[in-house]
Amino acid sequence: MVFCARCGVSFKDSARSCPLCGSVPSAEKPAAANAGALDFPRDRPFLEEVLEEQEVSKQQREYIYFEIVSIIFGSALFITLVTDFLTSRSITWSRYSSPAIVWGFLAFGMPAILRKRPWILFAVLAPSLMLLLFLIDAMNGHIGWFLFWGLPLSGWAIACVAGAVGITLSIRKRGLNVIGVVLLFAALFCVGLEVVISLNLGSHPVLAWSPIVALSALPAAGMLFYLHYRIVRQAPLKKLFRV
């Protein structure tokens, strides 16, 4: 019997190398071979090397995530269409849910591929959202809801998201200031939302509750900007709050 000084295992004399780590065997029995199950081995660099070699890279994780998302939404689309066809012998309600499932796949799957190209990702998701709303309304035989409600609301929401993302990406040091930017654009969206609602329900725009929301968000956003640029940026939180 020969032994591996690195792994502490024994094998036949005819073996030229350890089947675990590839080290040259030795006739001397190492101390690690007599260690208990809890003590052996305390330090096995070979296992660490194997784990490092088998460690999944960030790009591989993204592709695995994309595959999982594809399987989930593909299965949902297939089950939806088959269930609708088997129950009604035609495609009825699934024509509404199918576009939504496809857009959900784009919203959850495309970021894994276009993570480093946010504007291309935005250029894919924004028009596809409008197309989804148009298709859902067009399947009912008219596009009135899309023209008066879906298009302006989705367009305004996309514009607000684009503004918030653009400002966030332009900021070098991100922190509490990002939350402040989101608050400001959320307040701006509320103003546009009330304008669209009032125009569709009346003849002219009316601002009632949205200015209150905006005025409430302004001080909170201002405080977040102040904390980020005047205090947190100059002193760590531990020193600031004496933790």
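**Comments concerning the overall build of the protein**
Thought 1: Looking only at helices and strands, the protein has 8 helices and 2 strands in total.
Thought 2: Looking at the protein residue by residue over its 243 residues, the buried ones come to 25%.
Thought 3: Within the protein, contacts between residues separated by at least 24 positions form 50% of all contacts whose residues are at least 6 apart in sequence.
Thought 4: For the protein, the accessible area works out to roughly 16400 Å², and carbon and sulfur atoms hold 68% of it.

**Here's the deal with the state of the cysteines**
Thought 1: Counting across every chain of the model gives 0 disulfides.
Thought 2: Cys160 provides the cysteine sulfur closest to Cys190, a residue in no disulfide bond, and the two sulfurs are 9.0 Å apart.

**Points about the packing of helix H3 (residues 94-113) against helix H4 (residues 118-138)**
Packed helix pairs are characterised by how far apart their axes lie and by the angle those axes make with each other.
Thought 1: Between H3 and H4, the least distance of the axes is 10 Å, while the angle of their chain directions is 170°. Relative to H4, the element H3 is oriented roughly antiparallel. Residue-level inspection shows Tyr96, Pro99, Ala100, Trp103, Leu106, Ala107, Met110 and Pro111 of H3 in contact with H4, the latter providing Leu121, Leu125, Ser128, Leu129, Leu132 and Ile136.
Thought 2: Of the residues assigned to the contact of H3 with H4, the class counts are 13 nonpolar, 1 polar and no charged.

**Some words on H4**
Thought 1: Taking 1.5 Å as the rise per residue, H4 with 21 residues should run 30 Å; its terminal C-alpha atoms sit 30 Å apart, in good agreement.
Thought 2: By the burial criterion, the buried members of H4 are Leu121, Leu125, Ala126, Ser128, Leu132, Leu133 and Asp137.
Thought 3: In this structure, the buried side of H4 is in contact with H3 and helix H5 (144-170).

**Notes on the packing of aromatic side chains**
Thought 1: If you walk through the whole model with that rule in mind, you get 4 aromatic pairs.
Thought 2: Their ring planes at 50° and their centres at 5.7 Å tell us that Phe66 and Phe105 sit as a pair that is tilted. With Phe66 in helix H2 (residues 58-88) and Phe105 in helix H3, the pair connects residues that are 39 residues apart, well separated along the chain.
Thought 3: Overall, Phe105 belongs to the partly exposed group, its relative accessible area being 21%.

**As for the confidence of the model for the protein**
Thought 1: Looking at the protein, pLDDT values average 82 and 84% of them are 70 or higher.
Thought 2: In this model, residues 35-51 is a region of pLDDT below 50 whose contacts with residues beyond four sequence positions or in other chains number 12 contacts.

**Let's talk about the side chain of Ser98**
Thought 1: By secondary structure assignment, the location of Ser98 is in helix H3.
Thought 2: Polar side-chain contacts of Ser98 include one of 2.6 Å to the backbone oxygen of Ser94.
Thought 3: Once residues lying within four places of it in the same chain are set aside, the contact partners of Ser98 are Leu77 and Leu81.

**Concerning the packing of H2 against H3**
Thought 1: Here H2 crosses H3 at 175°, and the two axes come no closer than 9 Å. On the basis of their axis angle, the class for H2 and H3 is roughly antiparallel. Listed contacts from H3 to Glu62, Tyr65, Phe66, Val69, Ser70, Phe73, Ala76, Leu77, Thr80, Leu81 and Asp84 of H2 are Ser94, Ser97, Ser98, Ile101, Val102, Gly104, Phe105, Phe108, Gly109, Ala112 and Ile113.
Thought 2: Each residue belonging to the contact of H2 with H3 can be placed in one class, and the counts come to 13 nonpolar, 7 polar and 2 charged.

**Quick notes on unusual backbone geometry**
Thought 1: For Arg89, which is not glycine, the phi dihedral falls at a positive 60°.
Thought 2: Summarising the element assignment, Arg89 is placed in the loop between H2 and H3.
Thought 3: Here Arg89 falls in the exposed class, since its relative accessible area comes to 63%.

**Side note on the pattern of salt bridges**
Thought 1: Under the criterion given, the structure shown has 1 salt bridge.
Thought 2: Here Arg115 ties to Glu62 by a salt bridge, and the two come within 2.5 Å at their closest N and O atoms. Remark: Glu62 occurs in helix H2 and Arg115 occurs in the loop between H3 and H4; sequence separation between them is 53 residues.
Thought 3: Classification of Arg115 as partly exposed rests on a relative accessible area of 39%.

**Thoughts on helix H6 (residues 176-201)**
Spacing of three or four residues puts side chains on the same side of an α-helix, whose turn is 3.6 residues.
Thought 1: The end-to-end C-alpha distance of H6 is 38 Å, a good match for the 38 Å that 26 residues give at a rise of 1.5 Å each.
Thought 2: Within H6, the full set of buried residues consists of Asn177, Gly180, Val181, Phe185, Ala187, Cys190, Gly192, Glu194, Val196 and Ser198.

Reading the values: rules and limits
Residues numbered from 1 in each chain as written. Predicted model: local features only at pLDDT ≥ 70, side-chain atom pairs only at ≥ 80, totals over all residues. Heavy atoms only, no water. Helix = DSSP H or I, 4+ residues; strand = E, 2+ residues; numbered from the N terminus. Buried < 20%, exposed > 50% of the residue type's maximum accessible area, 1.4 Å probe, protein only. Contact = heavy atoms within 4.5 Å. Areas by Shrake-Rupley, 256 points an atom, 1.4 Å probe, with all protein chains shown as cover. Disulfide = S-S within 2.5 Å. Axes fitted to C-alpha atoms, helices over the stretch in contact; angles between N-to-C directions. Parallel < 35°, antiparallel > 145°, perpendicular 65-115°, else oblique. Nonpolar A, V, L, I, M, F, W, Y, C, P; charged D, E, K, R; others polar. Expected span 1.5 Å × (residues − 1). Phe/Tyr/Trp six-rings, centres within 6.5 Å; stacked < 30°, edge-to-face > 60°. pLDDT = per-residue confidence, 0-100. Polar contact = N/O pair within 3.5 Å; in protein donor to acceptor, adjacent residues only side chain to side chain. Salt bridge = Lys/Arg side-chain N within 4 Å of Asp/Glu carboxyl O.

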